[in-house]
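Notes for the structure review
Chain by chain, the residues run as shown.
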Amino acid sequence: MNSDHLLEIYPNPTADFINIKDMKAEFAGAQYFISDVSGKTLETSVLVSNKIDMQKHPKGLYIIILNAKSRIKTFKIIKN
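Being a predicted model, the structure only gives us computed values, none of them experimental. (Residues numbered from 1 in each chain as written. Predicted model: local features only at pLDDT ≥ 70, side-chain atom pairs only at ≥ 80, totals over all residues. Heavy atoms only, no water.)

**Topic: the environment of Glu26**
Following the sequence through the fold, Glu26 ends up in the loop between β2 (17-22) and β3 (31-36). You can call Glu26 partly exposed: its relative accessible area is 30%. Expressed as a C-alpha distance, the spacing of Glu26 and Lys69, which sit 43 residues apart in the sequence, is 9.0 Å. When sequence neighbours within four positions are dropped, the list of residues in contact with Glu26 reads Ala68 and Arg71. For Glu26, the side chain forms a polar contact with the side chain of Arg71, separated by 3.4 Å. (Helix = DSSP H or I, 4+ residues; strand = E, 2+ residues; numbered from the N terminus. Buried < 20%, exposed > 50% of the residue type's maximum accessible area, 1.4 Å probe, protein only. Contact = heavy atoms within 4.5 Å. Polar contact = N/O pair within 3.5 Å; in protein donor to acceptor, adjacent residues only side chain to side chain.)

Structure, rendered in structure tokens:
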């Protein structure tokens, strides 16, 4: 099985929260970054649950980067 299928972020688009489904728990406690499309970092934090709160961000396209040790995953998220 491809390891990329073991990590899902949903729903996309979202209005409030992004859920993270990590089948192998590789990203538990990972640091995450939320950036706008220009590359400006808007938020940096650590995952303490399987959700990222997007409610405070306006509608638009965002880049979310999950960083856990040597594993980095990048996702594009639409906030509506």
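Having put the structure on the table, let's press on.
**Quick look at the pairing of strand β1 (residues 7-10)**
Burial of the side chains of β1 is restricted to one face: Leu7 and Ile9 are buried, whereas none of Glu8 and Tyr10 on the reverse face is. Pairing of β1 with β2 involves 4 bridges; the strand directions are antiparallel. When the sheet's bridge partners are listed, Tyr10 is paired in β2 with Asn19. In this structure, the hairpin formed by β1 and β2 is closed by a connection of 6 residues. (Pairing = 2+ DSSP bridges.)

**As for the packing of aromatic side chains**
Enumeration according to the criterion identifies 0 aromatic pairs in this entry. Positioned above the aromatic ring of Phe17 is the side chain of Lys51, whose terminal nitrogen or guanidinium carbon lies 5.8 Å from the ring centre. (Phe/Tyr/Trp six-rings, centres within 6.5 Å; stacked < 30°, edge-to-face > 60°. Lys NZ or Arg CZ within 6 Å of the ring centre and 35° of its normal.)

**Structural notes on the pattern of salt bridges**
Evaluated as defined, the whole model comprises 2 salt bridges. Residue Glu26 is joined to Arg71 by a salt bridge in which the shortest nitrogen-to-oxygen separation is 3.4 Å. Taken as a pair, Glu26 in the loop between β2 and β3 and Arg71 in strand β7 (residues 71-79) lie far apart in primary sequence, 45 residues in all. When the shortest N-O distance is used, the salt bridge between Lys56 and Glu43 registers 3.7 Å. Residue Lys56 is found in the loop between β5 (51-53) and β6 (60-68), and its partner Glu43 is found in strand β4 (residues 41-46); the two are separated by 13 residues along the sequence. With relative accessibility at 60%, the residue Lys56 sits in the exposed group. Given a relative accessible area of 12%, Glu43 falls into the buried group. (Salt bridge = Lys/Arg side-chain N within 4 Å of Asp/Glu carboxyl O.)

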